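What the coordinates show
These are the residues of each chain, in order.
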Amino acid sequence: MATYKLNVNGREHALEVDPRRRSCGRSAITSDSPGRSTACGQGLCGSCTVHVNGEATRSCVTTVAAAQGTRVTTIEGLARAGGHPVQAAWIAEQVPQCGYCQSGQIMAAAALLARTPRPTDAEIDRALSGNLCRCGTYQGIRRAIHRAAGGGAGR
C-alpha cells in the first residue's frame, strides 16, 4: 500500500491504495462522481472516459500511481449543473437514449472541442471512435458536437 494524492474536479484527495489499482483512484472519485461509469474494465468501450490534464483518458485502465500529480476531471467536474456547451448541445439534440455511454461520449467530445474548436465530421469520428454507443446514436452525437462548436444543429 502507498499513499497517493489526486486532484479530482479541483479537490485534493489522499488515497492509501495498491499502486496498481486502476480507475484513477475510483475510491477517491466515487462519492463525487456518480455519473462516471465503468463497463468493460478493459478500456474498450469508453464509458469510463475522464480527462487527465485535459486529455480524454480511460479511467478503468489508468492506475492511481499514473494519475498522481495530474488533474482528473469527471463528468461532474466538466461544468456544475450541466452548463457545459457539450452537455447543453446533447440535450438540444436529444442524444441520450439508454445512458450507457453518455458520460464517456460527452467527456471525449469536450476534449476534442478543447483542442479542435471546429472539428470536421472525420475529426469527430476519429476522436470518438473508441466510445461505443449501444443505441447507435452516432449521428445525434455528431450533430451535438457541431452545435457545441457553434455550428448549429447538424452540418
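Rules used throughout
- Residues numbered from 1 in each chain as written.
- Predicted model: local features only at pLDDT ≥ 70, side-chain atom pairs only at ≥ 80, totals over all residues.
- Heavy atoms only, no water.
- Disulfide = S-S within 2.5 Å.
- Buried < 20%, exposed > 50% of the residue type's maximum accessible area, 1.4 Å probe, protein only.
- Helix = DSSP H or I, 4+ residues; strand = E, 2+ residues; numbered from the N terminus.
- Contact = heavy atoms within 4.5 Å.
- Pairing = 2+ DSSP bridges.
- Axes fitted to C-alpha atoms, helices over the stretch in contact; angles between N-to-C directions.

**So, the state of the cysteines**
Overall, the coordinates contain zero disulfides when judged by the stated rule. Looking at Cys 45, it has no disulfide partner, and the nearest cysteine sulfur is the one in Cys 40, 3.9 Å off. Distance from the sulfur of Cys 135, which forms no disulfide, to the nearest cysteine sulfur (Cys 98) is 3.7 Å. The class for Cys 135 is partly exposed, based on a relative accessible area of 32%.

**Comments concerning the environment of Tyr 4**
Within the secondary structure, Tyr 4 is located in strand E1 (residues 2-8). Remark: the alpha-carbon pair of Tyr 4 and Asp 18, spanning 14 residues in sequence, is separated by 9.6 Å. If we ignore the near neighbours within four places in the chain, the residues touching Tyr 4 are His 13, Ala 14, Leu 15, Val 17, Pro 19, Val 64, Ala 65 and Gln 68.

**With respect to the sheet that holds strand E2 (residues 11-17)**
An order of E2-E1-E5-E3-E4 is seen for the five strands of this open sheet, with the pairing classed as mixed. If you trace the sheet from one side to the other, it starts and ends with E2 and strand E4 (55-58), each paired once. Geometrically, the sheet is characterised by an average inter-axis angle of 40° between neighbouring strands, direction not taken into account. Sheet topology places E1 next to strand E5 (residues 71-73); two bridges connect them, and they run parallel. Within E5, the residue paired with Val 8 across the bridge is Val 72.

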